[in-house]
Amino acid sequence: MTDMTKPAMIEMKSVHKAFGANQVLRGVDLSIARGSSMVIIGGSGTGKSVMLKSVLGLITQDSGQILVDGKDAGKGHSSRDRDAFLARFGMLFQGAALFDSLPVWQNVAFRLLRGSLKRPKEEAREIAIEKLRRVGLKADVADRLPAELSGGMQKRVGLARAIAAEPEIIFFDEPTTGLDPIMSGVINDLIREIVVEMGATAMTITHDMSSVRAIADNVAMLHGGKIRWTGPVGDMDASGDPYVEQFISGSAEGPIEAVR
Amino acid sequence: MTPLALLGRLGAATLGLLAALGRLSTFVVSTFSHMLRPPFYGREVLNALLQVGWLSLPVVGLTAIFTGGALALQIYAGGARFNAEAVVPQIVAIGMVRELGPVLVGLMIAARVTSSIAAEIATMKVTEQIDALVTLSTHPMKYLVAPRVLAGLLTVPALVGIGDIIGIMGGYTVATQNLGFNPATYLVNTVNFLEIHDVISSLVKGAVFGVIATTLGCYYGMNSGRGAQGVGRATKSSVETAAVLILAANFVLTGVFFSL
Ligand SMILES: Nc1ncnc2c1ncn2[C@@H]1O[C@H](COP(=O)(O)OP(=O)(O)OP(=O)(O)O)[C@@H](O)[C@H]1O
Ligand SMILES: [Mg+2]
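Just so we're clear, the structure is a prediction, and the values are computed from it rather than from any experiment. Along each chain, residue indices are assigned from 1 in the same order as the chain's sequence is written. As they are written, the chains are lettered A onward and the ligands numbered 1 onward, keeping that order. Residue-level local features of this predicted model are given only where pLDDT is at least 70; pairs of side-chain atoms are given and counted only at 80 or more, and the full residue set underlies all totals for whole chains, interfaces and linings. Hydrogens and waters are ignored; side-chain quantities use all the structure's heavy atoms.

> What is the right way to read the nonpolar core from this model?
Burial of nonpolar side chains together is a common tendency in soluble globular proteins. Residues enter a nonpolar core if they are buried and are Ala, Val, Leu, Ile, Met, Phe, Trp, Tyr or Cys, with the set joined through side-chain atoms within 4.5 Å. Note on classification: 1.4 Å probe, protein chains only; a residue is buried when its accessible area is under 20% of the maximum for its type, exposed when over 50%, partly exposed between these limits. With 80 residues, the main nonpolar core has A:Leu30, A:Met51 and A:Phe171 as its most contacted residues. Here a helix means four or more residues in a row that DSSP labels H or I, a strand means two or more in a row labelled E, and each is numbered from the N terminus. When residues in this core are grouped by element, the largest group, ten residues, is from helix 6 (residues 140-177) of chain B. In what follows, residue pairs with any heavy atoms lying within 4.5 Å of each other are defined as contacts. The residues contacting A:Met51, other than those within four sequence positions of it, are A:Met12, A:Leu25, A:Val28, A:Leu30, A:Ile40, A:Met203, A:Leu222 and A:Ile227. Judged by nonpolar contacts, the second largest core, of 52 residues, contains A:Leu132, A:Leu159, A:Ile163 and A:Tyr243.

If you want it as structure tokens, here you go:
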């Protein structure tokens, strides 16, 4: 369960990132064990999405180190190394980021239609429809365009795309935001399943405390550009950290300022 | 403002311009290197050929026919001042093929294609679709930029050639219908007067303008700022810059072709 027993799949060491004068990450240290599920919580705008993107190399950190499977994620890669690196990842973006010129099934099967994982079109389509089914979408959405779907449906298509090529490491940026409670439950179960059955390493951002409890092995709270608290999900309620307590209870009273 | 401060401003502006040119050159080199190295995205190339080339035909045709017609009227009226009305076919041919065909087609492509490429790619950037491409092991330069620039390189010379012919036909129609020219003599004069050199210069200009128009659309799109405002600014700047660069390149190419 805990970080100590298994080697780390992702390790962030003193990661800093600023956008102009806006210091977002101020020394993030975090370790995620192979095959475990880490959930990141924290206020809006604290840099959770930036954290995920810097692991993927979509954003380059100003200083600090990010190791994936023991290797430096950012440095001196040839494009082939970079392809191999990225092929291990799946990512659900906060805004789904579907390709709006492609029908839903081609979004989901994007990786399976080109590049090293390319396979026949019919097969890719079948896989896409199967993944859509797993996120609670029927086969009839397959040929629609993303713009014709509701926000929650787009989110689930994004999720299907992230898991389509069965990656080892999966990032979910707010997977249940915009979903009804029942569908949230389905998605939580799915994420749990992916970690337990496929042995994937997952890093999930969520604001939904019931998701946290359903998905997480470990929880980390980002606040003030640093990891404020991290530990097994079972310890979360007894963390003794006023920031974490305030976040869990959703109270406006506490050390975290709620500007109104 | 003191002269020294003015000098400083001027220096800063020059450095800024040089830096921008440097970034643009790097972008162009990267585009062509991606164009030549696999994987190739055939479907994207076909789609770009359709968008840049085929669908631009109507606007190119209309521009050329009206310009050719107006040119014939002007030359007839102007030529009449020194009894040289008979040169209409020759001047229309030279004017269309050497200058107006390539420049007007280039500007039309800047208006139609550069703007739509910039807006499309900028929107993809703003909605994180470009980041999503990267996480799906697809290089945006290869998938989005190279096909469009290749399409510009291949189709705009063809459009210019077609524009030249339609423009000459516009002049022919006006000259034979309204100005009393003999149809057969008009065509013979046109064909005999044009040199292969003129035609080659026209097509080379087309290729250069096509690359300028598509590259700038891609460049501003890929470097778009955030939000709707970012998209708007990217689109506006791309068209402005493409139009100015096309006119500047036209001047240089005309110098190279006709004064050496
Ligand atoms: N590309 C960027 N350029 C400039 N600033 C950025 C960029 N990306 C993020 N930021 C800034 O970094 C900060 C953190 O953003 P981030 O998206 O990581 O927040 P978050 O923790 O994911 O919030 P939320 O829960 O609302 O999604 C914000 O202040 C944001 O404005
Ligand atoms: Mg976020």
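Now that the structure has been shown, the text picks up again.
> How do you make sense of the sheet that holds strand 9 (residues 218-223) of chain A when you look at a structure like this?
Whether parallel or antiparallel, the strands of a sheet pair through hydrogen bonds between backbone atoms. Residues and elements named next belong to chain A. Across the sheet, six strands lie side by side as 6-7-8-3-9-10; this open sheet has mixed pairing. Two strands lie at the open edges of the sheet, namely strand 6 (89-92) and strand 10 (226-232), each paired on one side alone. When the angles between neighbouring strand axes are averaged without regard to direction, this sheet yields 15 degrees. Here a strand pair is declared whenever DSSP counts at least two bridges between the two strands. Examined bridge by bridge, strand 3 (residues 37-41) and strand 8 (residues 201-205) share four bridges and lie parallel to one another. Bridge pairing links Ile 40 to Ile 205 in strand 8. An axis is simply a line fitted to the C-alpha atoms; with a helix, the fit covers only the stretch in contact. Between two such axes, the angle follows the N-to-C directions and lies from 0 to 180 degrees. Helix-sheet contacts for helix 8 (residues 242-249) involve strand 3, strand 9 and strand 10, and the interaxial angle to strand 9 is about 105 degrees.

> Sorry, what's going on with the sheet that holds strand 5 (residues 71-72) of chain A here?
Residues and elements named next belong to chain A. A sheet is described by the order of its strands in space; here four strands give the open sequence 2-1-4-5, paired in antiparallel fashion. Taken across any chain shown, the strands that pair with only one partner, and hence form the sheet edges, are strand 2 (22-33) and strand 5. Judged from the five bridges that link them, strand 1 (residues 8-19) and strand 4 (residues 63-68) form a sheet pairing that is antiparallel. For Met 12, the partnering residue across the bridge sits in strand 4 and is Ile 66.

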